[in-house]
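A closer look at the structure
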Amino acid sequence: FIRCAEYILQKDKSEATASDIADLILQKYKNSDHIGLSILQNRLRNLNKFIPLPPLQDFFSSNFLRGQTLVFSIQRKDRDYPGLVLIRKPDGNFLYNSNGSLFHTAQLARAITNYPFYITNGNTPQGIHRWYGFEVSDNMYIGPTPNLQLCMPYGCNAAVFFGDSSLSKTAWQKNMYASLLPDSWKNYDGIYESFYAGAIGRNEIIMHGTTIDPVYYKGQKYYPQTPSLGCLCSYEEWDENGNLIKSNQKEIADALSGINAQNGYVVVIDLNEEKRPVKLSDILPYMESKK
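Residues numbered from 1 in each chain as written. Predicted model: local features only at pLDDT ≥ 70, side-chain atom pairs only at ≥ 80, totals over all residues. Heavy atoms only, no water.

Closest axis-to-axis distance for the helix α2 (residues 15-28)/helix α3 (residues 35-45) pair is 10 Å, and the angle between their directions is 150 degrees. As far as their axial angle goes, α3 and α2 are roughly antiparallel. Here the hand of the crossing between α2 and α3 comes out left-handed. Along the contact surface, α2 presents A18, I21, A22, I25 and L26, while α3 presents L37, L40, Q41 and L44. Grouping the constituent residues of the contact of α2 with α3 by class yields 8 nonpolar, 1 polar and no charged. (Axes fitted to C-alpha atoms, helices over the stretch in contact; angles between N-to-C directions. Helix = DSSP H or I, 4+ residues; strand = E, 2+ residues; numbered from the N terminus. Parallel < 35°, antiparallel > 145°, perpendicular 65-115°, else oblique. Left-handed = near helix turned anticlockwise from the far one by under 90°. Contact = heavy atoms within 4.5 Å. Nonpolar A, V, L, I, M, F, W, Y, C, P; charged D, E, K, R; others polar.)

Structure below.
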C-alpha cells in the first residue's frame, strides 16, 4: 500500500490526491501502528508545505561532534541533481587539498526508483549515518574501489553507532539519536530520516563507486552519474579493459586514508528545492572560515 501510494505521489502531489490516500489509510488500516504508515501520514500532511532549513552553519561548526571524522553529503531535495561531498577532520577543520583548495567532489544520492527515504531501495535518507570502516565489494555493479561501510540506527546497535561499548545492551530511542544533533536541528523532521529508515528496517546503505555504464542514463539530469539502489553513489569512469580513468569515490577514500581516518559519521542533508547540482559556492557561506 505504501509503495503504491508513493508511486502515485511521484506524479501527483495535489491536495486532492493526498486527501484520498489519507482517507484510504483510515479505511484500511484504522487500528494499525505500523511505522511506515505513520511516516506516510506525516508526509501527506506536509506534502506541499515549505519547511525552512535550520542553520546549516550549526552542522559545519568546528564544535559539532568534535573529535569525529565527518563526511558531509550535501544534496538537493530533488535527487535528480547531484550533491557534493566535504570532509571535516576530528580537530574541527575541513580538509583541504595540497594546492590549498577545499576538498570536495560530486556524489549522487538518488535511487533508480526515486522512492522516498523510508522505502527499501529508495533514495538515501537524510541524517546521520555511522561510518565504521572500508570494504571492497564483490558486487559487479559497485566495482573494486574501496567503499565506506555505513549503518543507521537499528541497522547496528547503539554501541556501534556511538562507538561506545557500554551501550551494547541499550535499546534504541529517538532521543539518543537526537543527542548527536545541533540544538537548532532537533525539531527538524528531515534530519531524522536515517533514524526512521533504520526503524522500518532499511539497511545496507553504503558510500560506493559504480561500474554501471552511464550511457543508459544519457539525457537524464544526473548524467553521467548513475543512480543506485539507495546508496551514496560516486561517479567513476572505466576504459574498455576495466582500468580506472576517473573516480570520485577513490578521491574520497584516498582523502580519508590520507588523514588516517577509519571511522566516523556521514551526514546527509538536503539543501533546498533548487533544480541544479550543488556547487561549492552554495556551501561556502555557511562555513566558519575558508581555511
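With that out of the way, let us pick up the nonpolar core. With 38 residues, the main nonpolar core has F59, F60, F72, I128 and F161 as its most contacted residues. Those elements that provide at least two residues to this core are α4 (57-60), β1 (70-75), β2 (83-88), α5 (158-162), α6 (174-178), β10 (264-270) and α9 (280-283). Apart from the residues within four sequence positions on either side, F161 is in contact with I128, H129, R130, C151, M152, P153, C156, W172, Y177, L180 and Y265. Of all hydrophobic cores here, the second largest spans 18 residues; its members include I2, L9, A18 and L40. (Core = buried A, V, L, I, M, F, W, Y, C linked by side-chain atoms within 4.5 Å. Buried < 20%, exposed > 50% of the residue type's maximum accessible area, 1.4 Å probe, protein only.)

Right, let's talk about the packing of aromatic side chains for a bit. The final tally for this structure, using the stated rule, is 20 aromatic pairs. Pairing F1 with Y29 gives two aromatic rings, centres 5.2 Å apart and planes at 70 degrees, and the pair type is edge-to-face. With F1 in the segment before α1 (2-11) and Y29 in the loop between α2 and α3, this pair connects stretches of sequence that are 28 residues apart. One aromatic cluster in this structure is built from Y154, F161, F162, W172, Y177, Y192, F195, Y196 and Y265. Positioned above the aromatic ring of Y265, the side-chain terminus of R130 is 4.6 Å from the ring centre. Taking NZ or CZ as reference, K174 lies 4.5 Å from the ring centre of Y192, over its face. (Phe/Tyr/Trp six-rings, centres within 6.5 Å; stacked < 30°, edge-to-face > 60°. Lys NZ or Arg CZ within 6 Å of the ring centre and 35° of its normal.)

With 14 residues, α2 ought to run about 20 Å at 1.5 Å a step, and its terminal C-alpha atoms sit 20 Å apart, in line with that. Residues of α2 that are buried: T17, A18, I21 and I25. All buried residues of α2 lie within an arc of 100 degrees about the axis, which places them on one face of the element. Exposed positions of α2 whose direction lies more than 90 degrees from the buried face are E15, A16, L26 and Q27. Tucked inside the fold, the buried residues of α2 contact α1 and α3. (Expected span 1.5 Å × (residues − 1). Arc of directions from axis to C-beta.)

The next thing to look at is the pairing of strand β9 (residues 244-247). Relative to β9, strand β8 (residues 236-238) is paired through 3 bridges, and the arrangement is antiparallel. Following the sheet pairing, E236 is matched in β9 by S247. Taking the residues between adjacent antiparallel strands as the criterion, β8 and β9 are bridged by 5 residues, where G242 takes a positive phi near 85 degrees. (Pairing = 2+ DSSP bridges.)

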